[in-house]
Amino acid sequence: MPLLCVAMTACSDDDGVDTIAKNDVRVAFTMMVADAASTRAANEGWDNYDPKQPGIEDENMINTDDLRIAICDGMGNIIGDVETITVMPMSDPSGTKYAITGVWKNAKDDIAKAKKIMIVANSNAVKLSTIAHLPDLTYNIDTETRKYIPMWGVAALPALTLGTQTDMTEQIYLLRAMAKVRVEMRPDMASYGYSIGSMHINNYNTQGYCLPKNYKSANKTQDIRFDNSLNVLDSREASIGLTDGKATYIPEYDNTGTGATPSTITVDLNRNGKHEGTYTLEFRNYDTDGKPTGTPYDIQRNHYYTFLIYKEDGKIIVSLHVRKWNKRVYDEDIIM
């Protein structure tokens, strides 16, 4: 999860910054995003990390012109809007860093209720009529135009004081609202004349919600877990293309609910330039014979689904790996 470092610093009306209205609260924080050209270590270790792959360089990136910042009470209800947001680039050797300020105006009546700060980035959506509608904010997949992945994060607030800025040491992590899917052939298969022809994800959603379902219960982004966070916007289309070895980013999809029409991936396999067969991949575990087994996986935000396919003894073998993004803590497959 890309790290959003938040540091609110106390100030007075005569410290060289604009005067803060007596009923307002100014928030100021620094936002760090990984440099697109940085090393694997700086990006926490993408498997097969390659900045030249389409989309990879923007997976940790924030569009600073597309930020929505809300103040919430302890139950996760939105009570305020951070407005007049300004962004100042800062130099930092480990990545891209911005100094950001914003103002919660007319905070007097609700300041005692303020317990959390919540951020949505990269929604690429039209302006909300009111910040209270932030939980309903959706995004389109926009495969031809989308440059940034929608993200969400939350952290606890310290006590705020009217007419000032307030120190905040809590860090905000941003959780991506899209899943990443990739299919590739085992490298040695090319030497046997095999290649992947066309590929498609069958049944996928074209839109998604920026917030996870259980956003209200989290005091920090890290509290969000796999169970109960799936927030699917039913906008199903029949098919979207995949490219061998390259990632496709899609919204969440319900593969396990009652009456669900599961997502699958259709792969045309060629040998020596001729069509060898068409195979269907499922979002499930695979046994040693390459057969799907167990309960399907939902397609869940901030997860990376990689399929490796190869042929052995005349049969197609498939393995599916499901990982959190930007994690190299565990060698085994993990699910959030």
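Our subject in this report is the structure included herewith. (Residues numbered from 1 in each chain as written. Predicted model: local features only at pLDDT ≥ 70, side-chain atom pairs only at ≥ 80, totals over all residues. Heavy atoms only, no water.)

Some thoughts on the side chain of Asp298
Its place among the elements puts Asp298 in the loop between strand 19 (292-293) and strand 20 (303-312). It turns out Asp298 is buried and unbridged, and the closest side chain with the opposite charge, Lys213, is 10 Å from it. A polar side-chain atom of Asp298 sits 2.9 Å from a polar atom in the side chain of Thr256. Excluding residues that lie within four positions of it along the chain, Asp298 makes contacts with Leu230, Tyr253, Asp254, Asn255, Thr256 and Tyr305. (Helix = DSSP H or I, 4+ residues; strand = E, 2+ residues; numbered from the N terminus. Buried < 20%, exposed > 50% of the residue type's maximum accessible area, 1.4 Å probe, protein only. Lys, Arg positive; Asp, Glu negative; His and termini not counted. Salt bridge = Lys/Arg side-chain N within 4 Å of Asp/Glu carboxyl O. Polar contact = N/O pair within 3.5 Å; in protein donor to acceptor, adjacent residues only side chain to side chain. Contact = heavy atoms within 4.5 Å.)

Notes on the nonpolar core
In terms of nonpolar packing, the biggest core is built from 56 residues, with Met118, Leu134, Trp152, Ile265, Leu281, Tyr305 and Phe307 touching the most fellow members. In terms of nonpolar packing, the next biggest core, distinct from the first, is built from 24 residues, Val25, Phe29, Ile62 and Ile172 among them. (Core = buried A, V, L, I, M, F, W, Y, C linked by side-chain atoms within 4.5 Å.)

As for the pairing of strand 11 (residues 179-185)
Most of strand 11 sits inside the fold, with 6 of its 7 residues counted as buried. In terms of strand pairing, strand 11 meets strand 15 (residues 248-250) through 3 bridges, oriented antiparallel. Residue pairing across strands places Lys180 opposite Tyr249, the latter belonging to strand 15. By the bridge criterion, 6 bridges tie strand 11 to strand 20 in an arrangement that is parallel. Bridging across to strand 20, Val181 finds its partner in Tyr305. (Pairing = 2+ DSSP bridges.)

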